[in-house]
Amino acid sequence: MSTETEQSTQLHGGRLVAKRLKAHGVTKLFTLSGGHLFSIYDGCREEGIDLVDVRHESAAAFAAEGWAKVTRQPGVAALTAGPGVTNGMSAMASAQQNGSPMLVLGGRAPAMRWGQGSLQELDHVPFVRPLTKLATTAEATAEIPGLIDDALTAAVTAHSGPTFIDFPMDVVFSEGPEPAEPEPLPDPAGGPVPDVARAAALLREAERPVIMAGTNLYWGHGEEALLALAQELGIPVFLNGLARGCVPADHELFFARARSNGLKGADVALVIGVPMDFRLGFGQSFGEETELVVIDRAEPLRDHPRPVAAELYGSVPGILDALRSEARGGADTGAWVSTLRAAEDEKRAAERAEFDDDRAPLHPMRLYRELGEVIDRDAIVIGDGGDFVSYAGRVVDTYQPGCWLDPGPFGCLGSGPGYALAAKVAHPDRQVVLLLGDGAFGFSGMEFDTFARHGINVVGVMGNNGIWALEKHPMEFLYGYSVAADLRPGTRYDQVVAALGGHGELVERPADLKPALERAFSAGLPALVNVLTDPDVVYPRKSNLA
């Protein structure tokens with residue numbers, strides 16, 4: 001009689017990888033070709049997983065993170081051994097700080113030759129372990145499906161983040177048994193609902209409540225519950241990170257410009273899915289007397305920088321729904337909302353002169369006014385730059401979740417093309433707009449070749465001021481001079497994109513911008529509108545970075 005093992009189907013390791021990914025809903029693998037990965041490529045071809053290949057491994061890994069950001073499903077990248085993996089480490093660090101669920105598959109020199117000096121032999125795991133939730137090596141072919149299960153489970157479990165598995169060539173090219181179907185991955189919106197009585201009591205007594213929500217609201221699928229809570233209790237909402245768009249920018253309770261007024265003036269603040277890091281002044285963005293209620297998917301990874309009145313960890317939608325139910329009957333917040341709306345309107349009115357600025361080279365605010373008139377409500381806007389993107393963060397409106405992507409607190413330039421690639425692959429019928437500084441273009445600009453090869457008609461809009469503005473202006477303020485902060489003025493990056501198979505235009509005057517944008521969106525090609533912007537414009541920076 002044959003044994004069960006003899007009766008089972010034997011598949012090579014790359015096919016086991018692909019089959020397990022497919023079982024968990026993975027449809028795309030972002031990669032750059034490498035011989036250590038051939039078995040995985042063959043498996044993906046057999047299982048119908050699309051290979052999306054790029055020009056630099058960092059773009060493949062950023063595309064995996066971008067896929068997670070726009071779909072809220074784990075993104076997957078495959079990086080060849082040695083430099084392939086190390087080239088992807090910045091994206092892993094970015095995903096760690098953004099809580100982005102992703103899995104990186106690494107090639108690895110064969111185990112049978114380990115220590116003898118094989119090509120690109122490097123033990124990746126000690127390097128990537130500090131950046132990931134799980135980092136391991138497949139020691140046997142039969143282990144592969146279980147390791148994929150473990151890695152994807154860890155990636156989506158709060159706090160979500162990146163995971164890593166590498167595969168020795170002899171292991172991934174050998175055969176192993178086909179396993180049973182896996183268990184479903186954890187529900188990102190699931191988890192316990194703790195007792196909300198203390199927080200609800202604070203909210204009922206509040207006359208000036210606010211909501212400050214961030215990225216983990218998005219990962220926890222809490223946007224509908226947040227909007228219901230805000231509307232029923234009349235609470236003004238401020239958003240950052242991936243929470244942008246979880247309350248539409250034109251909602252009566254959404255505020256952007258009056259954040260200082262709202263956070264400093266609040267008597268109770270619901271701090272939902274956002275750490276009190278430099279973006280919130282390490283907790284000092286709130287008033288000294290503001291009572292803080294912290295809500296998140298799991299306990300924080302570091303201590304709060306100031307005392308909080310209540311903490312609620314678990315299912316974000318469940319917690320918000322419970323608060324909405326138990327906090328009914330509180331004070332009328334109409335006067336408070338009106339006060340913030342007046343401040344918001346005043347600050348928006350003060351921006352009018354910059355929006356209408358006719359200078360040439362252009363003021364970035366004029367550029368964003370024109371762009372706002374040609375992009376759709378569901379456009380996915382991606383920021384990759386310093387001061388140029390900081391302006392966008394201030395004034396680009398977002399109406400739906402997953403429509404604003406920036407590098408997040410890790411601040412890694414060069415992330416944008418990978419994000420844009422993933423966004424357009426995931427949503428081919430929507431506008432994808434890549435906002436680029438001229439400095440940021442230098443990191444990943446060759447990915448416009450990737451766009452052209454794959455028929456990805458991303459529209460890039462560049463603010464080209466010929467300097468590293470984020471460094472040049474502060475350095476001149478501190479020292480009266482700057483070093484290592486200048487680029488070549490007026491470089492024709494649009495011609496580079498045209499040479500790579502795309503559509504490129506140079507814009508030097510405000511009147512020419514909108515027609516150029518319209519042509520870029522209708523070109524049907526990857527496009528770059530290279531806009532010369534004024535290097536003397538200084539972004540009014542307020543963040544305390546450290």
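This text follows the structure it describes.
Residues numbered from 1 in each chain as written. Predicted model: local features only at pLDDT ≥ 70, side-chain atom pairs only at ≥ 80, totals over all residues. Heavy atoms only, no water.

## A look at the overall build of the protein chain
Along the backbone of the protein chain there are 24 helices and 19 strands. Seen through its C-alpha atoms, the protein chain measures out along the principal axes to roughly 80 × 60 × 45 Å. Counting over 546 residues, the protein chain shows a buried share of 56%. The contacts of the protein chain with a sequence gap of at least 6 include a subset with a gap of at least 24, amounting to 75%. Here the protein chain carries 46 positive and 72 negative side-chain charges, and the mean point of each set is 4 Å from the other. (Helix = DSSP H or I, 4+ residues; strand = E, 2+ residues; numbered from the N terminus. Buried < 20%, exposed > 50% of the residue type's maximum accessible area, 1.4 Å probe, protein only. Contact = heavy atoms within 4.5 Å. Lys, Arg positive; Asp, Glu negative; His and termini not counted. Charge placed at Lys NZ, Arg CZ, Asp CG, Glu CD.)

## Some details on the pairing of strand β12 (residues 291-296)
Taken across its six residues, β12 has five buried, putting it largely inside the fold. With five bridges joining them, strand β11 (residues 268-272) and β12 adopt parallel strand pairing. Opposite Val268, over in β12, you have Glu291 as the bridge partner. Inspection of the sheet shows β12 paired to strand β13 (residues 310-313) by four bridges, in the parallel sense. (Pairing = 2+ DSSP bridges.)

## Notes on the packing of aromatic side chains
Counted under the stated rule, the structure contains 12 aromatic pairs. Considering the side-chain rings of Tyr479 and Tyr481, the 5.8 Å spacing of their centres and the 35 degrees angle between planes classify their relative orientation as tilted. For Tyr481, a relative accessible area of 43% gives the class partly exposed. For Arg72, the ring lying beneath its charged end belongs to Tyr218, and the centroid distance is 4.3 Å. It is Arg108 that lies over the ring of Trp114; its NZ or CZ is 4.2 Å from the centre. (Phe/Tyr/Trp six-rings, centres within 6.5 Å; stacked < 30°, edge-to-face > 60°. Lys NZ or Arg CZ within 6 Å of the ring centre and 35° of its normal.)

## Here we look at a nonpolar patch on the surface
A surface patch of nonpolar side chains, amounting to about 630 Å² of accessible area, comprises Phe477, Leu478, Tyr479, Tyr481 and Val483. For Leu478, a relative accessible area of 60% corresponds to the exposed category. (Patch = residues over 30% accessible without salt bridge, like charges linked within 9 Å, V, L, I, M, F, W, Y side chains within 5 Å. Areas by Shrake-Rupley, 256 points an atom, 1.4 Å probe, with all protein chains shown as cover. Salt bridge = Lys/Arg side-chain N within 4 Å of Asp/Glu carboxyl O.)

## What to know about the pairing of strand β18 (residues 503-507)
Of the two faces of β18, only the one carrying His503, Glu505 and Val507 is buried; Gly504 and Leu506 on the other face are not. As for the winding sense of the linkage, the β-α-β connection from β18 through helix α24 (residues 513-522) to strand β19 (residues 527-532) is right-handed. (Right-handed = clockwise from strand over helix to strand, strands pointing away.)

## Focus on the environment of Tyr391
Along the chain, the position of Tyr391 falls in helix α18 (residues 387-395). Given a relative accessible area of 2%, Tyr391 falls into the buried group. Considered as a pair, Tyr391 and Tyr539 are 148 residues apart in the sequence and their alpha carbons are 7.4 Å apart. Residues contacting Tyr391, with those up to four places away along its chain left out, are His363, Pro364, Met365, Tyr368, Val537, Val538, Tyr539 and Pro540.

## Quick notes on the packing of helix α17 (residues 364-372) against α24
A packed helix pair is summarised by two numbers, namely the angle formed by the two axes and the spacing between the axes. It is the contact of α17 with α24, at a shortest axis distance of 9 Å, that shows an interaxial angle of 50 degrees. In terms of orientation, α17 lies oblique with respect to α24. Handedness of the α17/α24 crossing: right-handed. Along its contact with α17, which presents Arg366, Leu367, Glu370 and Leu371, the element α24 presents Leu513, Lys514, Leu517 and Phe521. Grouping the amino acids of the contact of α17 with α24 by side-chain chemistry returns five nonpolar, no polar and three charged. (Axes fitted to C-alpha atoms, helices over the stretch in contact; angles between N-to-C directions. Parallel < 35°, antiparallel > 145°, perpendicular 65-115°, else oblique. Left-handed = near helix turned anticlockwise from the far one by under 90°. Nonpolar A, V, L, I, M, F, W, Y, C, P; charged D, E, K, R; others polar.)

## Focus: the pattern of salt bridges
Applying the stated criterion to the full structure yields 37 salt bridges. In this structure, Arg45 and Glu46 form a salt bridge, with 3.9 Å as the shortest nitrogen-oxygen distance. Look at the salt bridges and you will find they share partners, linking Arg352, Asp356, Asp358, Arg366, Arg369, Glu370, Glu373 and Lys514 into a network.

## Comments concerning the packing of helix α12 (residues 223-233) against helix α14 (residues 316-326)
Contact geometry of α12 with α14 gives a least axis separation of 9 Å together with a crossing angle of 15 degrees. If you check the angle between α12 and α14, you find them roughly parallel. The interaxial crossing formed by α12 with α14 has left-handed handedness. Only Pro317, Leu320, Asp321, Leu323 and Arg324 of α14 make contact with α12, whose side of the interface consists of Ala225, Leu226, Ala228, Leu229 and Glu232. Of the residues in the contact of α12 with α14, the class split is seven nonpolar, no polar and three charged.

## Considerations on the sheet that holds strand β2 (residues 28-31)
With parallel pairing, six strands are arranged side by side in an open sheet as β3-β2-β4-β5-β7-β6. One side of each edge strand has no neighbouring strand; the edge strands of this open sheet are β3 (50-53) and β6 (134-137). Pairs of neighbouring strands in the sheet enclose a mean axial angle of 20 degrees, with direction left out of account. Relative to strand β5 (residues 102-108), strand β4 (residues 75-79) runs parallel, the two sharing five bridges. Following the sheet pairing, Val76 is matched in β5 by Leu103. Each of β2, β3 and β7 (162-168) touches helix α3 (residues 38-47); the most contacted strand, β2, lies at about 155 degrees to it.

## Regarding the layout of surface pockets
Which parts of space are left empty comes out when a probe the size of a water molecule is rolled across the atoms. The volume enclosed by the second largest pocket comes to roughly 430 Å³. Where the lining of the second largest pocket is concerned, the elements lending two or more residues are α16 (352-355) and α17. The element that contributes the greatest number of residues to the lining of the second largest pocket is α17, accounting for three residues. Here the lining of the second largest pocket is composed, by residue class, of nine nonpolar, two polar and nine charged. (1 Å grid on protein atoms, 1.4 Å probe; cavity = no way out; pocket = protein on both sides within 12 Å on 5 of 7 lines; lining within 4 Å. Points joined across faces, edges and corners; volume = space filled by probe spheres on them.)

## Considering unusual backbone geometry
Following Ala158, the chain continues to His159 via a peptide bond in cis, the omega torsion being -10 degrees. With respect to the element layout, His159 can be found in the loop between α8 (144-156) and β7. The omega angle of the peptide bond from Ala360 to Pro361 is 0 degrees, so this bond is cis rather than trans. Among the structural elements, Pro361 can be located in the loop between α16 and α17.

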